Every structure is written in C-alpha cells, then in structure tokens.
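Listed below are the residues making up each chain.
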Amino acid sequence: QGKMAIIASLQNDSQEPAVVPVVLMEGLKEIERQTVSIGANSTTSVRFAWSPTKAEDTRIEVFADHQDDNPMDHTITKAIRVREPAKVLIIDGDRKREAMQSESDFLRLALTPFSLLRGEPGDLFTTSVIDPGAWNEAMLKEVQAVVCCNVADLNPDQRKWLRAFCERGGGLLFCLGDKI
C-alpha cells in the first residue's frame, strides 16, 4: 500500500557533461524513464515513485541507459519484500469512550498513523480493538499479534487459546497499564 520513493545517484567521471536516460524496471517491465543532465565530474540523483501491485518479493532495477567504456556500473538491482499489513488484535480492559483516553488509542495511533491521521494507505499494521470478553479462539486465526492492555485476568480457555497462538508463531504482548 502506498508509494515508495526510489532515489538513484549518478556520477559522471568524464570531463564532458552527459545527458543520460535512467530507467526504473519492475521485473522485466519498464515502469518509468527519466532523462537527466550530469555536469562534468559531478553527481546528480533521480527520484522515482513506485507503488507495488501485489504482496510478494519484487525485483526492482534502476539503470543508466548510456553507452560508455564501463557499462558494468550502470545498474543497481534490489529485491523488495512487499507484504500485506500484519493484523493486530488489541484487547482493552479499560477502554474509554473519549478519543485518546485509552492506552489502546495511543497504540493504534503508533501502529497505524497513515490511516488514522491522513486516511491514507501505507501502514505496516491493521488494528482492531475489543473488550476482554469479546474475543474467541477463531479470531486468533485471523491475526499475527495480540496486545492485551489493562486485561486483569484471562479465563482458562483464553489462556489455552493464547498459548496455542504463541506456539504457532503469533506475537503476544501484555501492557499491564495503571489499572493492573
């Protein structure tokens, strides 16, 4: 979600200025081409905006489409890992009605600043906040992490569900807060 800025630096080591096409590739597909002027013995940079189309490891390449005596140094390639945002379940034992009065409000803001502040995509997480008695084992199959804020106690079933969740690789964080 969102855009990534890709910035490439180019250096001209010759005594003559150069006009160089610079190309951004995603896999084998050309995404964008820009032409830049580089003065003699100087450096410049070119900026591309790239948005991933799906969640997967993606090969990004930027190269200078220019003929000279050393074509081997014209390309940089990176593998960029694009993932869906991780889902975090926040169980709040002291939820307040007013905005920004609960610890879980601050946690949500820290985890999802783009969507909460600007209404834009690009957060690394999605969050949902529920009361301590409002969750079940099935909900844990849909999330990658659970945060318990001000949760005074768990019943035996909830303990068993959370233990199994952690054993499967799920993340668990307890924030005791000022009420516990």
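Above: the structure in question.
Residues numbered from 1 in each chain as written. Predicted model: local features only at pLDDT ≥ 70, side-chain atom pairs only at ≥ 80, totals over all residues. Heavy atoms only, no water.

1. What about the packing of aromatic side chains?
Think of a pair of aromatic rings as described by two things: how far the centres are apart, and how the planes are tilted against each other in angle.
So, point 1. Taken as a whole, this structure holds 1 aromatic pair when the rule is applied.
So, point 2. Where W135 meets W161, the ring centres are 5.6 Å apart and the plane angle is 75°; that geometry is what we call edge-to-face. Separated by 26 residues along the polypeptide, W135 in the loop between strand 8 (125–130) and helix 3 (137–140) and W161 in helix 4 (residues 156–167) bring together distant segments of the chain. W161 matches W135 in its accessibility class, with the two residues each being buried. (Phe/Tyr/Trp six-rings, centres within 6.5 Å; stacked < 30°, edge-to-face > 60°. Helix = DSSP H or I, 4+ residues; strand = E, 2+ residues; numbered from the N terminus. Buried < 20%, exposed > 50% of the residue type's maximum accessible area, 1.4 Å probe, protein only.)

2. A short note on the nonpolar core
Across soluble globular proteins, you tend to see nonpolar side chains buried next to one another.
So, point 1. Within the largest apolar cluster, 17 residues are counted, with the highest numbers of intra-cluster contacts made by V20 and V22.
So, point 2. Counting residues per element, the ones that place at least two in this core are strand 1 (4–12), strand 2 (18–26), strand 3 (29–38), strand 4 (42–50) and strand 5 (57–64).
So, point 3. When residues in this core are grouped by element, the largest group, 4 residues, is from strand 2.
So, point 4. Excluding residues within four positions of it along the chain, V20 makes contact with L10, Q34, T35, V36, I38, A64, D65 and H66.
So, point 5. Counting residues in hydrophobic clusters, the runner-up holds 13 residues, among them I91, V146, L154 and F165. (Core = buried A, V, L, I, M, F, W, Y, C linked by side-chain atoms within 4.5 Å. Contact = heavy atoms within 4.5 Å.)

Taken by themselves, the reported measurements are silent on function.
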